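# A closer look at the structure
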Amino acid sequence: MAAAAGAAATAAAAAAAAPRSPGAPTAAARARRLPPLLVLLAAAAAGPGAGGAARLYRAGEDAVWVLDSGSVRGATANSSAAWLVQFYSSWCGHCIGYAPTWRALARDVRDWAAAIRVAALDCAEEENHEVCRAYDIHFYPSFRYFKAFTKDFTTGENFKGPDRELQTVRRTMIDFLQNHTDTDRPPACPPLGPIPPSDVLSLLDNRDGRYVAILFENNSSYVGREVILDLLPYENIVVKRVLDADEAFLEKLGVSSLPSCYLIYPNGTRGLMNIGKPLRSFFSSYLKSLPDVRKKLISLPEKPNKEENPEVVIWREFDRSKLYTADLESGLHYLLRVELATHRSLAGAELQTLKDFVTVLAKLFPGRTPVRKLLETLQEWLANLPLDRIPYNAILDLVNNKMRISGIFLINRIKWVGCQGSRPEFRGYTCSLWKLFHTLTVQAGTHPEALDGTGHLSEDPKFPKVPWPSPDLCPACHEEIKGLHSWNEGQVLLFLKQHYGSDNLVDTYAADQEDAHEGGAPPEGGEQERGLVSPEKPQGEQRAKSLRPPSVLPPRPDLSQGLQLGLDGEHQSVSRAEGHREVEVAVPFLGMGFSSLDMSLCVVLYVASSLFLMLMYFFFRVRSKRWKVRYHRLSV
């Protein structure tokens, strides 16, 4: 949950910054009772962001194709080119940080546009919310490939590169193009596979009036394919690549290192290209500069008409020392109606995270009464709903108050005030998350009892989690500086060394060495510890002894030793009394605690049930034959 995850962190850390009193359960301890998943939710508010009309990519200014809800399907469906689309959110810190790399990638492969195009779609735009849901976008940024000539709707193929560096993405684009079949490959994209060395001989006699560049490279190199795509929009030149040519053939052509380019001129002359470095940029630049090699007109992202798409920003004067309800409620609106909408349904850990988050909001959000009542209603509904999976539309109906419940309300648009940025791509949504985070922190410190009863089921109420070591264990570890609690780290280190040192080990309740017989066998009287009834002690006392915690029960007998006693002749001298004792120990294990009468009854019941089944079988068998005879007579 991208942003539902974001704001809920406020609860987990709410009490962490609250005032503490040494030796008593603090608000931080109360907050720790919340599920650990809430700690992960702070990640969504980690970077600067925006809301509304943010623009990380601008058509006509960047080489990136800027798509929206009205153009993405038309662009990617049945297109003559493949597409690589980044679905991003303009408030996402990772997206903002990655934008320069995406722009650089689009510029770097601008000449590949006839084969594959680099695009972006902003899921933070209100008009794009539904289309991002349709494409099943859960995280930002998400990268999807769309093959050429795709007729049916598809959400695309996820980017599968090891990282998102420019070179990695560029090479993955080439792999994606090569995954096309001959029937659906973009028509402007020539074959990217290598030609066999035998075909080079036919190219040497080229007389078709074009340049032919032959790149020799090894199998792991991408240089040849990159140069082929770089020269796509250029006329009067053809680029081929060759792998694994034998040394004699390469020597004949004067090729001494890889990669190298052998150039055949239109007039039939040929020779090895002499360039500064064997790099893609050097090869491509040289070939593009050849006489009569001209660039064709290519399709590029168009710059929108500013008169048709004016970007109006209304600045609201605000006091930086104040906290504005509009920021908090706008953040809640975006989180519940946009971010949460990326999930068609919620179940398991995601659903539990939402429940925990809404619980914290319902108990600590200090906003207007209609909003608080809405959060309380949502929390009560989620808590009482007996479903393991909840569709998002059901949550949205409640947030939108489709039931017409009196007195609940949440704004349905964004209005930043204290979270306004100097440009649309700054601040906004993540600013509101941080403000919500700090607001709930203060509320948790002011009203720590509000979180009572929201702890995890595994929490021991008699041993609550508190900052440790507590003052009663280590008074020297705690100090007060200007009236505020502080830790004396030097004393804490000394305490830890002493507390967990070997000198502090206590052997109380540990088993004495005399209690363990050689080989793990029980000492005299061990029968009682294994639950065997002693004739000298009453049954009630025996039961009481068996109620000891498992941690203090003696180990179970080692059966391998019992078997060894029966198989090894050297152990046949064991006394009859010891042998009798071992038999007594083994009997309850093999019989799983059942008596001889119990085992006999089991056998009798088994035989009786078998006979009953056999009788039923013969009964229905005979009845079936009679029915067949009767039916046959009636038909005759």
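Bear in mind that the values here come from a model prediction, so they are computed numbers and not experimental data. (Residues numbered from 1 in each chain as written. Predicted model: local features only at pLDDT ≥ 70, side-chain atom pairs only at ≥ 80, totals over all residues. Heavy atoms only, no water.)

## Comments concerning the packing of helix α14 (residues 369–384) against helix α15 (residues 392–399)
Two elements in contact, α14 and α15, have axes separated by 10 Å at closest approach and are oriented at 150 degrees. You can see that α14 and α15 cross each other, and the crossing is right-handed. Of the residues in α15, those in contact with L374, T377, L378 and W381 of α14 are A394, I395, L398 and V399. Of the residues that constitute the contact of α14 with α15, the class distribution is 7 nonpolar, 1 polar and no charged. (Axes fitted to C-alpha atoms, helices over the stretch in contact; angles between N-to-C directions. Helix = DSSP H or I, 4+ residues; strand = E, 2+ residues; numbered from the N terminus. Left-handed = near helix turned anticlockwise from the far one by under 90°. Contact = heavy atoms within 4.5 Å. Nonpolar A, V, L, I, M, F, W, Y, C, P; charged D, E, K, R; others polar.)

## Things to note about the nonpolar core
Formed by 110 residues in total, the largest nonpolar core has its most connected members in F87, W102, M173, L229, L287 and I395. Among the elements that make up this core, the one with the highest residue count is helix α13 (residues 348–364) (8 residues). For L287, the residues in contact, after removing those within four places along its chain, are A213, V227, L231, I237, V239, L263, M273 and V293. With 15 residues, the next largest nonpolar core counts L203, V242, V255 and I264 among its residues. (Core = buried A, V, L, I, M, F, W, Y, C linked by side-chain atoms within 4.5 Å. Buried < 20%, exposed > 50% of the residue type's maximum accessible area, 1.4 Å probe, protein only.)

## Here we look at the environment of A99
Along the chain, A99 turns up in helix α5 (residues 93–108). Residues A99 and A120 lie 21 residues apart in sequence; the distance between their C-alpha atoms is 10.0 Å.

## So, helix α8 (residues 197–204)
Within α8, burial applies to V200, L203 and L204. Viewed along the axis of α8, the buried residues span an arc of 100 degrees, placing them on a single side of the element. Pointing more than 90 degrees away from the buried face of α8 are the exposed residues S198 and S202. Where the residues of α8 are buried, they touch β6 (211–217), β7 (237–243), α10 (247–253), β8 (260–264) and β9 (270–272). (Arc of directions from axis to C-beta.)

## So, the sheet that holds strand β4 (residues 142–146)
On the basis of which strands lie adjacent, the open sheet formed by 5 strands has the order β1-β3-β2-β4-β5 and mixed pairing. Edge positions in the open sheet fall to β1 (65–67) and β5 (157–158), since each of these has one partner strand only. As paired elements, strand β2 (residues 82–88) and β4 share 5 bridges and run antiparallel to each other. By the bridge assignment for β4, F87 is matched with S142. Set on the sheet, α5 makes contact with β2, β3 (116–122) and β4; between it and β3 the angle comes to about 155 degrees. Packed on one face of the sheet, helix α7 (residues 166–178) meets β2, β3, β4 and β5 and runs near 30 degrees to β4. (Pairing = 2+ DSSP bridges.)

## Some remarks on empty space enclosed by the protein
Summed over the entire model, instances satisfying the criterion amount to 2 cavities of 30 Å³ or more. If you add up the space inside the largest cavity, you get close to 60 Å³. In terms of lining residues, the largest cavity is bounded by 10 residues, among which A63, W65, A106, V109 and R110 are the most central. Taken together, the residues of the lining of the largest cavity break down into 8 nonpolar, no polar and 2 charged. (1 Å grid on protein atoms, 1.4 Å probe; cavity = no way out; pocket = protein on both sides within 12 Å on 5 of 7 lines; lining within 4 Å. Points joined across faces, edges and corners; volume = space filled by probe spheres on them.)

## Some points on the UniProt feature "transmembrane region" (unreviewed entry) in the chain
The UniProt record marks residues 603–620 with the feature "transmembrane region" (unreviewed entry), using the residue numbering of this structure. Helix makes up 100% of residues 603–620 and strand 0%, whereas the separation of the span's terminal C-alpha atoms amounts to 26 Å. (UniProt positions renumbered as here; feature names shortened; annotations may be inferred.)

## Details of the pairing of β7
Where burial is concerned, most of β7 is hidden: 6 out of the 7 residues are buried. Where β6 and β7 come together, 7 bridges link them in parallel fashion. When the sheet's bridge partners are listed, L215 is paired in β7 with R241.

## Examining the pattern of salt bridges
Counted by the stated rule, this structure contains 11 salt bridges. A salt bridge links K402 to D397; the shortest N-O distance between them is 3.6 Å. Residue classification places K402 among the exposed residues on the basis of a relative accessible area of 54%. The partly exposed category is assigned to D397, whose relative accessible area is 30%. A network of salt bridges, in which partner residues are shared, links D108, R170, E226, D230 and R280. (Salt bridge = Lys/Arg side-chain N within 4 Å of Asp/Glu carboxyl O.)

## Concerning the state of the cysteines
Counted by the stated rule, this structure contains 3 disulfides. With its sulfur 2.2 Å from that of its partner, C419 forms a disulfide with C431. Across the S-S bond linking C419 and C431, the dihedral sits near -75 degrees, which makes this disulfide left-handed. With C419 in the loop between α15 and α16 (429–446) and C431 in helix α16, this residue pair connects regions lying 12 residues apart in the sequence. For C419, a relative accessible area of 0% puts it in the buried group. (Disulfide = S-S within 2.5 Å.)

## Remarks on unusual backbone geometry
For the peptide bond that leads from Y140 to P141, omega is -10 degrees, which places it in the cis range. Structurally, P141 can be placed in the loop between α6 (129–134) and β4. Phi is positive for N78, which is not a glycine, with a value near 55 degrees. Tracing the backbone through its elements, the reader meets N78 in the loop between α4 (72–76) and β2. Given the relative accessible area of 46%, N78 is considered partly exposed.

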